[in-house]
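# Architecture at a glance
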Amino acid sequence: MNYKIKAIKISIGECDLCGTCVGVCPADAIELKESSIIIIQSKCTKCQNCVWICPLSAIKIIEEKKNEK
Ligand code: SF4
Ligand code: SF4
């Protein structure tokens, strides 16, 4: 497959704020608060650790498709 990762995003509606992803992020890019969670895009290295560890599959890979506008 020919794609680049554009961003890693959390689908808030699918996330139960368990915090599992926070512990596996090597870049310290996931910020979990009382009722919200965000990925700080400027810190994220797109390693995908969080994507694979999330028990609810709430973290999505946003692809940047080539040859497509
Ligand atoms: S591991 Fe998944 S469900 Fe848990 S806080 Fe992270 S995104 Fe939300
Ligand atoms: S992709 Fe990697 S660096 Fe980015 S938020 Fe997830 S675990 Fe952290």
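Residues numbered from 1 in each chain as written. Chains lettered and ligands numbered in written order. Predicted model: local features only at pLDDT ≥ 70, side-chain atom pairs only at ≥ 80, totals over all residues.

Let us look at the site of ligand 2. Taken together, 14 residues lie around ligand 2, and C25, C44, C47, N49 and C50 are the ones closest in. Counted by class, the shell around ligand 2 contains ten nonpolar, three polar and one charged residues. (Near = placed C-beta within 6 Å. Nonpolar A, V, L, I, M, F, W, Y, C, P; charged D, E, K, R; others polar.)

With that settled, the discussion passes to the nonpolar core. The biggest cluster of nonpolar side chains holds eleven residues, and these are I8, I10, C21, C25, A29, I30, I39, C50, C54, A58 and I59. If near-sequence neighbours (up to four positions away) are discounted, A29 is found in contact with I39, I40, K43 and C44. (Core = buried A, V, L, I, M, F, W, Y, C linked by C-beta atoms within 7 Å. Buried ≥ 20, exposed ≤ 12 C-beta atoms within 10 Å, placed from the backbone. Contact = placed C-beta atoms within 7 Å.)

Turning our eyes to something else, we now look at the site of ligand 1. Lining the immediate surroundings of ligand 1 are 13 residues, of which C15, C18, T20, C21 and C54 lie closest. Its residues placed into classes, the shell around ligand 1 shows ten nonpolar, two polar and one charged.

With that settled, the discussion passes to the environment of C54. Take C54: it is sitting in the loop between α2 (49–53) and β4 (59–65). C-alpha of C54 to C-alpha of C21: the two residues are 33 residues apart in sequence and 6.1 Å apart in space. Beyond its immediate chain neighbours, meaning those up to four positions away, C54 contacts T20, C21 and I59. (Helix = DSSP H or I, 4+ residues; strand = E, 2+ residues; numbered from the N terminus.)

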